[in-house]
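This is what each chain is made of:
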Amino acid sequence: MRKFMILIAVTFWGLTSGHAAILKTGEEIIISSPVQGDLYIAGGELTISATIDGDLIGAGGTISIADSIREDLILAGGDLKINAPVGDDARLAGGKITIAANVFGDLVIAGGEVEISEGVTIYGDLYIGGGEVEIGGTITGKMDVTGGEVTFTGEAKADASIKAGSMELDGVFLGPVQLVSKEIELGD
């Protein structure tokens, strides 16, 4: 793990030369003071409870975002919880990913279990490749979802494509829709 964190640190340092950036590594990292510029983090358990005024790029076992990310968000980890707004694009990879706050750009996800909570709005395009996918929020841009089991109870305002082994649909599609599945269950 230590070699992995050093490799990430060296890589991030090379990417940030000439930019205002902070680099943190460790088994447990808690960011509780606002960060001006970009933040690069790697560790076991990562908690962001203060505003990041730039990009946040991180890798860890468990990552929890509890305050705003003003620019891009790029994360890889076992358990990702996004509980605060992301000001631009978000790219996420993980075992379990929960989106419980608005994303004001595109959202790209690769994950085992993916949930976009009810009341959340994705203002850009949505791309998901996952095992179990639940979408309860509003997607204003294009939506392209591929999964083993997909549940859609939200609202898609533009073109939507869902490809799944099985899907449950009880949401609203306002644009053209392409559905591909062995099994489709329709709600009310």
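Look above for the structure.
Everything in this summary refers to the structure shown in the same document. (Residues numbered from 1 in each chain as written. Predicted model: local features only at pLDDT ≥ 70, side-chain atom pairs only at ≥ 80, totals over all residues. Heavy atoms only, no water.)

## Here we look at the pattern of salt bridges
Once the charged atoms of two side chains with opposite charge are near each other, the side chains can pair. Going through the model one piece at a time under the given rule, you end up with four salt bridges. When the shortest N-O distance is used, the salt bridge between Asp79 and Lys81 registers 3.9 Å. For Lys81, a relative accessible area of 36% gives the class partly exposed. Of the charged contacts, one joins Asp89 and Arg91 as a salt bridge, the two residues approaching to 3.5 Å between their closest N and O atoms. The class for Asp89 is buried, based on a relative accessible area of 16%. Take Arg91: its relative accessible area is 37%, and that puts it in the partly exposed class. (Salt bridge = Lys/Arg side-chain N within 4 Å of Asp/Glu carboxyl O. Buried < 20%, exposed > 50% of the residue type's maximum accessible area, 1.4 Å probe, protein only.)

## Concerning the packing of aromatic side chains
A full pass over the atoms with the stated rule returns two aromatic pairs. Between the aromatic rings of Phe104 and Tyr123, the centroid separation amounts to 4.8 Å while the plane-to-plane angle is 5°, which identifies the pairing as stacked. In this pair, Phe104 is assigned in the loop between strand S5 (90–99) and strand S6 (107–116) and Tyr123 in the loop between strand S7 (121–122) and strand S8 (126–135), connecting sequence segments 19 residues apart. On the accessibility criterion, Phe104 (43% relative accessible area) is partly exposed. Ring geometry for Phe152 versus Phe173: centroids 4.7 Å apart, planes at 25°, classification stacked. Placement of Phe152 in strand S10 (residues 143–152) and of Phe173 in strand S13 (residues 172–173) is noted, with a sequence separation of 21 residues between them. (Phe/Tyr/Trp six-rings, centres within 6.5 Å; stacked < 30°, edge-to-face > 60°. Helix = DSSP H or I, 4+ residues; strand = E, 2+ residues; numbered from the N terminus.)

## Structural notes on the sheet that holds strand S2 (residues 38–48)
One open sheet holds the 10 strands; their spatial order is S1-S2-S3-S4-S5-S6-S8-S10-S12-S14, and the pairing between them is parallel. A strand with exactly one partner marks an edge of an open sheet, and here the two such strands are strand S1 (21–31) and strand S14 (177–186). Each strand axis lies, on average, 5° off the axis of its neighbour in the sheet, ignoring direction. Looking at chain direction, S5 and S6 are connected through nine bridges and run parallel. Pairing of Leu92 across the sheet is with Ile109, part of S6. (Pairing = 2+ DSSP bridges. Axes fitted to C-alpha atoms, helices over the stretch in contact; angles between N-to-C directions.)

## Concerning the environment of Asp125
Relative to the helices and strands, Asp125 resides in the loop between S7 and S8. Among the residues examined, Asp125 registers a relative accessible area of 22% and is labelled partly exposed. In this structure the C-alpha to C-alpha distance between Asp125 and Asp106, which are 19 residues apart in sequence, comes to 4.6 Å. Apart from the residues lying within four places of it in its own chain, the contact partners of Asp125 are Gly105, Asp106, Leu107, Gly141 and Lys142. At 3.4 Å, the side chain of Asp125 forms a polar contact with the side chain of Tyr127. Within the local environment of Asp125, its side chain forms a polar contact with the backbone nitrogen of Lys142, the two atoms lying 2.8 Å apart. (Contact = heavy atoms within 4.5 Å. Polar contact = N/O pair within 3.5 Å; in protein donor to acceptor, adjacent residues only side chain to side chain.)

## Brief notes about a nonpolar patch on the surface
On the surface, Val177, Leu179, Ile184 and Leu186 cluster together to form a nonpolar patch covering roughly 340 Å² of accessible area. Considering the arrangement of structural elements, one finds Ile184 in strand S14. (Patch = residues over 30% accessible without salt bridge, like charges linked within 9 Å, V, L, I, M, F, W, Y side chains within 5 Å. Areas by Shrake-Rupley, 256 points an atom, 1.4 Å probe, with all protein chains shown as cover.)

## Examining the sheet that holds strand S9 (residues 138–139)
In space, the four strands of this open sheet follow the order S7-S9-S11-S13, with parallel pairing throughout. Two strands close off the open sheet at either side, each with one partner strand: S7 and S13. For S7 and S9, the ladder comprises two bridges, and the chain directions are parallel. Note on S9: the bridge partner recorded for Ile122 is Ile139.

Geometric descriptors of this kind do not, in isolation, establish any biological role.
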